[in-house]
Amino acid sequence: MITYENLHDTLSFYSIDCRQSYYISSGKPIFDFPKTPFRMDYYAVCICTAGEISIEIDRQKYKVTTHSFLIAAPSTIVKFLKTSEDFMMKLLFFDKNFLIKNISNPFIIEKMNIFSEGSYSIVKTSPKNSSLLQNLLDYLKKKSRKQGKFTEEIIRTIIFNLLLEAAEIMEKDNTANPEKEEGKKDLYLKFGKLIRENIRQQRTVQYYADQLCVSNKYLIEIIKKASGKTPHEVINEALLKEAYVMLGNPEMTISEVAFELQFNSASAFGRFFKKQTLLSPSEYRIQENIQS
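Predicted, not measured: the structure shown is a model, and the values here were computed from it. (Residues numbered from 1 in each chain as written. Predicted model: local features only at pLDDT ≥ 70, side-chain atom pairs only at ≥ 80, totals over all residues. Heavy atoms only, no water.)

### Looking at the packing of helix α6 (residues 186–198) against helix α8 (residues 216–227)
Following both chains from N to C, one finds α6 and α8 inclined at 95 degrees, their axes separated by 9 Å at the closest point. If you check the angle between α6 and α8, you find them roughly perpendicular. Contacts between α6 and α8 involve Leu 187, Tyr 188 and Phe 191 on the former and, on the latter, Tyr 218, Leu 219, Ile 222, Ile 223, Ala 226 and Ser 227. Each residue belonging to the contact of α6 with α8 can be placed in one class, and the counts come to 8 nonpolar, 1 polar and no charged. (Axes fitted to C-alpha atoms, helices over the stretch in contact; angles between N-to-C directions. Helix = DSSP H or I, 4+ residues; strand = E, 2+ residues; numbered from the N terminus. Parallel < 35°, antiparallel > 145°, perpendicular 65-115°, else oblique. Contact = heavy atoms within 4.5 Å. Nonpolar A, V, L, I, M, F, W, Y, C, P; charged D, E, K, R; others polar.)

Listed below in C-alpha cells is the structure:
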C-alpha cells in the first residue's frame, strides 16, 4: 500500500513534474486517485466542471458537484472517496512564496477570507460564476505556456485575480455573518502559521503565546473570537491532522508515530488519539484498512 504524505508526492502519482511554483490542469477526466489521505503542501483552487466527487477534508465528508469550487491552504488533509463517471475538474496549485514575491504583507491571501473552514472552503456557485473562474484558469494556462520577460508577473496577477473573484463570490454568500470574518486578525493568522510550522515539536499554548509576544489570556481571547475555539483546541486539531497522515503510512509503527509527535510513550499518544476520535490508533488503522 502506497502512502502519499503530501501533495507533491500525489502529483508524482499522475506523472506531473511539480518542481515549478505552480501547476494548472487541463480539465480532462481523471479516472484514478490516490487511495490514501495526503497533506496539501501547496495552495489549491479546484473547480468541478462536470459530474461530482465525494471527498473527505480534514476528516469532514463532502459531496462536490458541478459549479462548486474548493480552495485549500497548505496543511489541509484530503482523501478522495468516490467520483461519478462523468467527473471533471480544473485545478490550480501554487506556492505562496511565488505568489507573494515583492509583496510586503505575508498574510495577503488569508486576509481575503477565503478559508471559511479554517484551512479550506467548498462553495456551490452559479454557472455564471463558475464560468468566470474557469475562464481565468484557461487564461492562466494559456499565459503559462509562453515564456517572456513579464510571464511570472502576469501569472501572479491572474492568480490574484482568480482568488479575489472567488473571495467576492464568497463575500456575497457570507454577508449574513460578517463578525466571524472581522475576527480574523493578524494575530490569529500568525498563530495558525506558527502551528503549521511547529506542531510536531511544540504543542503548549505558552510556547505560541511567547512566540507572539502576548499573554495566554490575550491569545485565548483573540483565537476564541476568530475561530470559536480555544488555542488548545486548535493545537490539538493540528496535532491530530499530523497523526492521521502518519498513521496512514503502513511503514510507520504506532510507537514511531508517537515518537515523531513528541509523545512520551505510545500509550500517551494512544490516550490523546482516543480522546479526540473515540478510536485507538490500531482501531483506526483497522477501520481504514491500513495494513503494515
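Now that the structure has been shown, we can carry on.
### Remarks on the sheet that holds strand β4 (residues 52–57)
With antiparallel pairing, 4 strands are arranged side by side in an open sheet as β2-β7-β4-β5. Each edge of the open sheet carries a strand with a single partner, namely β2 (38–39) and β5 (60–65). As paired elements, β2 and strand β7 (residues 77–83) share 2 bridges and run antiparallel to each other. Paired with Arg 39 across the bridge in β7 is Ile 77. (Pairing = 2+ DSSP bridges.)

### A short note on empty space enclosed by the protein
Here the structure, examined in full by the defined rule, presents 1 cavity of 30 Å³ or more. Quantified by volume, the largest cavity comes out at close to 50 Å³. In terms of lining, the largest cavity is formed by Pro 37, Glu 56, Asp 58, Arg 59, Ile 77, Lys 79, Tyr 244 and Tyr 284. Residue composition of the lining of the largest cavity, grouped by class: 4 nonpolar, no polar and 4 charged. (1 Å grid on protein atoms, 1.4 Å probe; cavity = no way out; pocket = protein on both sides within 12 Å on 5 of 7 lines; lining within 4 Å. Points joined across faces, edges and corners; volume = space filled by probe spheres on them.)

### Some points on the pattern of salt bridges
Opposite charge on two side chains lets them pair, provided their charged atoms get close. Following the criterion strictly, the structure yields 10 salt bridges and no others. Across the pair Lys 79 and Glu 288 runs a salt bridge, and its minimum N-O distance is 2.8 Å. Taken together, the residues span a long stretch of sequence, with Lys 79 in strand β7 and Glu 288 in the segment after α12 (281–287) at a distance of 209 residues. For the pair formed by Lys 79 and Glu 288, the shared burial category is buried. For Lys 229, the salt bridge goes to Glu 237, with nearest N and O atoms at 3.0 Å. (Salt bridge = Lys/Arg side-chain N within 4 Å of Asp/Glu carboxyl O. Buried < 20%, exposed > 50% of the residue type's maximum accessible area, 1.4 Å probe, protein only.)

### Some remarks on the environment of His 232
Along the polypeptide, His 232 turns up in helix α9 (residues 231–247). Between the C-alpha atom of His 232 and that of Arg 203, which follows or precedes it by 29 residues, the distance is 8.1 Å.

### Some thoughts on the packing of aromatic side chains
Counted by the stated rule, this structure contains 13 aromatic pairs. For the ring pair Tyr 62 and Tyr 120, a centre distance of 5.9 Å and an interplane angle of 80 degrees mean the geometry is edge-to-face. Within this pair, whereas Tyr 62 is found in strand β5, its partner Tyr 120 is found in strand β9 (residues 120–124), the two being separated by 58 residues in sequence. Classification of Tyr 62 as partly exposed rests on a relative accessible area of 25%. When the centroid spacing of 5.8 Å and the interplanar angle of 85 degrees are considered together, the rings of Phe 191 and Tyr 208 count as edge-to-face. On the criterion of sequence distance, the pair formed by Phe 191 in helix α6 and Tyr 208 in helix α7 (residues 205–211) is long-range, its members being 17 residues apart. There is no split in this pair, since Phe 191 and Tyr 208 are both buried. Just above the ring of Phe 98 sits the side chain of Arg 156; from NZ or CZ to the centre is 4.5 Å. (Phe/Tyr/Trp six-rings, centres within 6.5 Å; stacked < 30°, edge-to-face > 60°. Lys NZ or Arg CZ within 6 Å of the ring centre and 35° of its normal.)

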